[in-house]
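# Coordinate analysis (summary)
Chain by chain, the residues:
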Amino acid sequence: MIVATMTMNEIRNEFLSDCRDVQIYCKLELMNCNKRFSAYVRKLNKPYVFKTFSIKTFKGNLIKIIYRAKDRGHHNKPEMTFYTSFQTEKGKSFLVMTNYKEVTILTPHFVRRYRERVLENNVSLSSEEVIEKIINKDNFALSFRINDELESIAKCFDGHYKNQGNDYVTQVNAGWIFGNIDSRVRLCKTIIVEKMLNKNQK
């Protein structure tokens, strides 16, 4: 079980272990998810379909898997993203693993900022639904090291992080994600969208 008192490396290792357990020891459940998603895609017959399934590991940890298919022709070749959550003092954090075996933590603050800035304060969505929208809309592949100019933009909108510098910025469909890298884990702290920037910041 993942708890907030763990180090970043311990959190990463526990999560990757759970993801491996799903793929090795939960093959029947995974095959059932594959079949159900394939039938779902063929039935809908429309572009870009996604569906979420839940599997419990033998340790009792709940892992969620988002299946995505570009079209009907990819019904049996879906992209898969594994994620889970754990509770912290500030709220629920989410761990995400993509096909690239990269582990990302979406902090409670990041989820709130995404809801506020990207989803325009849609309070009807649960945190789980917000996470699914983040995963389905944005990938986390285009990261680069941050410079002073980008750091000043981040602090302009999220000043409470002024004593906690950012290591990287990731450009995604919704905007720019700022955060830190610790023990091969990317920590997403906040997101800034284009409409927030003035002409000198673009």
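You'll find the structure just up there.
Quick look at the structure, then.

### Considerations on the pattern of salt bridges
This model, assessed by the stated rule, comprises nine salt bridges. K59 serves as the salt-bridge partner of D21, at 3.9 Å between the closest nitrogen and oxygen. Taken together, the residues D21 in helix α1 (residues 8-25) and K59 in the loop between β1 (49-56) and β2 (62-69) connect sequence positions 38 residues apart. E116 is the salt-bridge partner of R113, the closest N and O atoms lying 3.1 Å from each other. Of this pair, R113 and E116 are both found in helix α3 (residues 108-117), three residues apart, which corresponds to roughly one turn of the helix. Its relative accessible area of 18% is what places R113 among the buried residues.

### Concerning α3
With respect to burial, α3 is a largely interior element, eight of its 10 residues being buried. When α3 is considered as a whole, its buried residues turn out to be P108, H109, F110, V111, R113, Y114, R115 and R117.

### Things to note about the nonpolar core
Nonpolar side chains in soluble globular proteins generally cluster together in the buried interior. In this structure, F15, I65, Y67, F82, L95 and I105 are the most contacted members of the largest nonpolar core, which totals 28 residues. Those elements that provide at least two residues to this core are α1, α2 (27-44), β1, β2, β3 (79-88), β4 (91-97), β5 (103-106) and β9 (185-192). Broken down by element, this core gets its largest block of residues, six residues, from α1. Those residues in contact with Y67 that sit more than four places away from it in its chain are L30, C33, N34, F37, V49, F50, K51, F53, P78, E79 and M80. Counting 22 residues, the second largest nonpolar core, distinct from the first, contains V111, V172, A174 and I177.

### Describing the packing of aromatic side chains
The final tally for this structure, using the stated rule, is five aromatic pairs. Seen in terms of ring centroids, F37 and Y67 are 5.2 Å apart; in terms of plane orientation they differ by 40 degrees. Their pairing is tilted. With a gap of 30 residues between them, F37 in helix α2 and Y67 in strand β2 connect regions that are remote in the sequence. An identical accessibility class is assigned to F37 and Y67; each is buried.

### Here's the deal with the environment of Y83
For Y83, the location among the structural elements is in strand β3. We classify Y83 as buried; its relative accessible area is 1%. Each residue touching Y83, except ones within four places of it in the same chain, is listed here: F15, T52, I63, K64, I66, F94, L95, V96, E128, I131, E132 and I135. There is a polar contact of 2.9 Å between the side chain of Y83 and the side chain of E128. Of note is the side chain of Y83, whose polar atom sits 3.4 Å from the side chain of E132.

### Observations regarding the pairing of strand β8 (residues 175-182)
Where strand β7 (residues 168-172) and β8 come together, five bridges link them in antiparallel fashion. When the sheet's bridge partners are listed, Q171 is paired in β8 with W176. From the end of β7 to the start of β8, which pair antiparallel, there are two residues. Of the pairings in the sheet, the one linking β8 to β9 comprises seven bridges and is antiparallel in character. Considered in β9, the bridge of G179 is made with C188.

Rules and cut-offs
Residues numbered from 1 in each chain as written. Predicted model: local features only at pLDDT ≥ 70, side-chain atom pairs only at ≥ 80, totals over all residues. Heavy atoms only, no water. Salt bridge = Lys/Arg side-chain N within 4 Å of Asp/Glu carboxyl O. Helix = DSSP H or I, 4+ residues; strand = E, 2+ residues; numbered from the N terminus. Buried < 20%, exposed > 50% of the residue type's maximum accessible area, 1.4 Å probe, protein only. Core = buried A, V, L, I, M, F, W, Y, C linked by side-chain atoms within 4.5 Å. Contact = heavy atoms within 4.5 Å. Phe/Tyr/Trp six-rings, centres within 6.5 Å; stacked < 30°, edge-to-face > 60°. Polar contact = N/O pair within 3.5 Å; in protein donor to acceptor, adjacent residues only side chain to side chain. Pairing = 2+ DSSP bridges.

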